[in-house]
Amino acid sequence: MKRWAKFDRYDLLIYLLNYPAVFIANYIIFGPAYFQDRSLFLGATLIVNLWGIIIFVLLTLWMKYMRFLYGAPDQFGQRLLYSMLMYVGVMMSTILVVFWIYGQLGYPYKPETIPWVLMIGFVTNVTSAGCHESIFTYNQLRESTQREYRLKQLHMQQQMDVLKQQVNPHFLFNSLNSLLTLIGENPSQAEIFTEELSSVYRYVLRANEQDLTDLATELDFINSYTHLLKTRYGAGFQLSIQVDPRFQTFQLPPLTLQLLVENAVKHNVVMKNRPLMVDIQTDGLANLHVRNNIQKKKQGVVSNGVGLTNILAKYEMLGQPRPSVREETGQFVVALPLIPA
């Protein structure tokens, strides 16, 4: 069974809430004879219950399918409209079919009661749709609140260790060594290097203040970060960026690209004769693919998986699709879903 088609206890509760309508409708149709004639009571009740269970299952599945198609909070109107149209249409048709069955069985119903029974069916379905939608909206609100709370907790932790975990002290130490060398050999290049280093750490500090940043800003940052790497490794590090301009305003968690590039440098050989090549490119489905060639260092690098874990946790806390991580044909690839602004 598809995930959206699963029933839960709330569906049963809503069915039981509307169940008295079975007896009310039959009493209106047959009058006092409904309770006085045992065979009529059993037969009519059985017929309505069988039809009721079938209709309950079909309409509940339809409602859940509408949630699947129009599950976003701003699609409330579409979800409720299509659910109600199906509810009312199916219920009205079903009631007429039940009257036809009663006639075929020779049950003494009064045709003038049909409008009243149709009204009961309408009220019952409005109640069911309203209850389903209220429960769904409440669960959405609760999940959103929980995600926001967990995200705030994650940020509080990151504010304490962002420099240690995301741009580690070794990188700063190596960058300062590179700067000292440049000051003596090429002062003009040292000035540019200092500006880029300042941009990198200014962005890192600002990243604590926001959950998301646009792709254009993140790419500007990664260019500054790459400048520092290329100053150190020269032709040993190569970066290629191929991003569709229409995705420049899409968003992602800040420092995501830096974490992936840092991981690539940490785990792979970076040499002029064996360059580490990192490619950043988008596809037509608004995914950002970050890939690098795999050339692992002979001496293994101790890894606690902080970088990738951090990225996956951020996407989960934001309620976004999970990034995919895979190895293919000698390349390590991470696909990041971009988030519409």
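I will try to describe carefully the structure that is included in this document. (Residues numbered from 1 in each chain as written. Predicted model: local features only at pLDDT ≥ 70, side-chain atom pairs only at ≥ 80, totals over all residues. Heavy atoms only, no water.)

### A short note on the overall build of the protein chain
The secondary structure content of the protein chain amounts to 11 helices and seven strands. A sequence separation of at least 24 residues applies to 74% of the contacts in the protein chain between residues at least 6 apart. Carbon and sulfur atoms form 62% of the exposed surface of the protein chain, whose accessible area is close to 19100 Å². (Helix = DSSP H or I, 4+ residues; strand = E, 2+ residues; numbered from the N terminus. Contact = heavy atoms within 4.5 Å. Areas by Shrake-Rupley, 256 points an atom, 1.4 Å probe, with all protein chains shown as cover.)

### Let's talk about the pattern of salt bridges
Following the criterion strictly, the structure yields three salt bridges and no others. Among the ionic pairs, Arg 291 bridges to Glu 328, the shortest N-O distance being 3.1 Å. Here the residue Arg 291 occupies a position in strand 5 (residues 287–293), and Glu 328 occupies one in strand 6 (residues 324–328), the gap between them amounting to 37 residues. Between Arg 326 and Glu 328 there is a salt bridge whose closest N-O contact spans 3.0 Å. Via salt bridges that share partners, Arg 291, Arg 326 and Glu 328 belong to a single interconnected network. (Salt bridge = Lys/Arg side-chain N within 4 Å of Asp/Glu carboxyl O.)

### Quick word on the packing of aromatic side chains
Enumeration according to the criterion identifies 13 aromatic pairs in this entry. Centroid distance Tyr 34 to Phe 41: 5.0 Å. Interplanar angle 45 degrees. Geometry classified as tilted. Among the residues examined, Tyr 34 registers a relative accessible area of 0% and is labelled buried. The exposure class of Phe 41 is partly exposed, given its relative accessible area of 23%. Ring centres of Phe 247 and Phe 250 lie 5.1 Å apart, and the angle between their planes is 85 degrees; on these two criteria the pair is classed as edge-to-face. (Phe/Tyr/Trp six-rings, centres within 6.5 Å; stacked < 30°, edge-to-face > 60°. Buried < 20%, exposed > 50% of the residue type's maximum accessible area, 1.4 Å probe, protein only.)

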